Amino acid sequence: MTNVVILEDNISIASMLCVLAKRSNLEYIHFTTPSQAIAGGVIEKADFIISDFEMPPENAFVLLKYLRDNNLKIPVIMHSAYDDIRNVIMKQGYTDLIDEYLDKPSDIKTILNTMKKFINKCKRRQ
């Protein structure tokens, strides 16, 4: 079964993402900050990650730095309300770690289709 880590501090959005993951037959775990997921030891077990950008008191750069520092090649879907999130990530040199960008708010069909795309990628790698 495919494992997804969901990083989202907004409870409503997190709940929706968890329901969609369950509907897609994914094993999932949710955290409100990247540091919690890292401390929980689940990042390495993820087949892919869906991450918000801004999760006070930190942001997704904590996750991206961890992935780079540990040479982890885990696909990341960046789910953000920032219009210029691609530029923000590019300026920090992490563009190569983001596999997909989803704008908030995203409709359910778009999220499900994106999850299915990553599930299929995971199946091809196995």
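Trainee: When you look at the overall build of the protein in this model, what are you seeing that I'm missing?
Mentor: Helix and strand counts for the protein come out as five helices and seven strands. In sequence order, the secondary structure elements of the protein are arranged as β-α-β-α-β-β-β-α-β-α-β-α. For a compact globule of 126 residues, the expected C-alpha radius of gyration is about 14 Å, and the protein comes in at 13 Å, within 12% of that figure. By its C-alpha atoms, the protein is 35 × 30 × 25 Å across when sized along the principal axes.

Trainee: Where do I start with the pairing of strand β7 (residues 100-103) in this structure?
Mentor: On a regular strand, one side chain projects to one face of the sheet and the next to the other, so that they alternate. Bridge count for strand β6 (residues 76-80) against β7 is four bridges, and the pairing is parallel. By the bridge assignment, I77 is partnered in β7 with E100. Crossover connection from β6 via helix α4 (residues 85-91) to parallel β7: handedness right-handed.

Trainee: For this particular structure, what's the right way to read the nonpolar core?
Mentor: By size, the foremost hydrophobic cluster in this structure holds 26 residues, and its most contacted members are V5, L7, I43, I49, L67, M78 and I89. Those elements giving two or more residues to this core turn out to be β1 (3-7), α3 (61-69), β6 and α4. Per-element accounting of this core gives the leading share, five residues, to α3. Discounting residues that sit within four places of it in the chain, L7 has contacts with F31, T33, P34, A37, I49, I50, S51, D52, M55 and L63.

Trainee: Help me out: how do you make sense of unusual backbone geometry in this one?
Mentor: Trans peptide bonds make up most of the peptide bonds, and negative phi angles are found at most residues other than glycine. The residue after P56, namely P57, is reached through a cis peptide bond having omega 15°. With an omega of -5°, the peptide bond running from K104 to P105 counts as cis. Secondary-structure assignment places P105 in the loop between β7 and α5 (108-125). The backbone of N25 sits at a positive phi, close to 60°, despite the residue not being glycine. Looking at where N25 falls in the secondary structure, it is placed in the loop between α1 (11-23) and β2 (27-31). The phi angle at N71 is positive, at roughly 50°, despite the residue not being glycine. Mapped onto the elements, N71 comes out in the loop between α3 and β6.

Trainee: Can you help me understand the state of the cysteines in this one?
Mentor: Applying the stated criterion across every chain yields a total of zero disulfides. Not part of a disulfide, C18 finds its nearest cysteine sulfur in C122, a span of 17 Å. When its relative accessible area of 11% is taken as the criterion, C18 is described as buried. Residue classification places C122 among the buried positions, given a relative accessible area of 2%.

Trainee: Looking at this model, I keep getting lost on the side chain of T114. Mind explaining?
Mentor: Within the secondary structure, T114 sits in helix α5. For T114, a relative accessible area of 8% gives the class buried. Looking at T114, its side chain comes within polar contact range of the main-chain oxygen of T110, at 2.8 Å. Among residues more than four places away in sequence, those in contact with T114 are I77, E100 and L102.

Definitions and cut-offs
- Residues numbered from 1 in each chain as written.
- Predicted model: local features only at pLDDT ≥ 70, side-chain atom pairs only at ≥ 80, totals over all residues.
- Heavy atoms only, no water.
- Helix = DSSP H or I, 4+ residues; strand = E, 2+ residues; numbered from the N terminus.
- Rg over C-alpha atoms; globule rule 2.2 N^0.38 Å.
- Pairing = 2+ DSSP bridges.
- Right-handed = clockwise from strand over helix to strand, strands pointing away.
- Core = buried A, V, L, I, M, F, W, Y, C linked by side-chain atoms within 4.5 Å.
- Buried < 20%, exposed > 50% of the residue type's maximum accessible area, 1.4 Å probe, protein only.
- Contact = heavy atoms within 4.5 Å.
- Disulfide = S-S within 2.5 Å.
- Polar contact = N/O pair within 3.5 Å; in protein donor to acceptor, adjacent residues only side chain to side chain.

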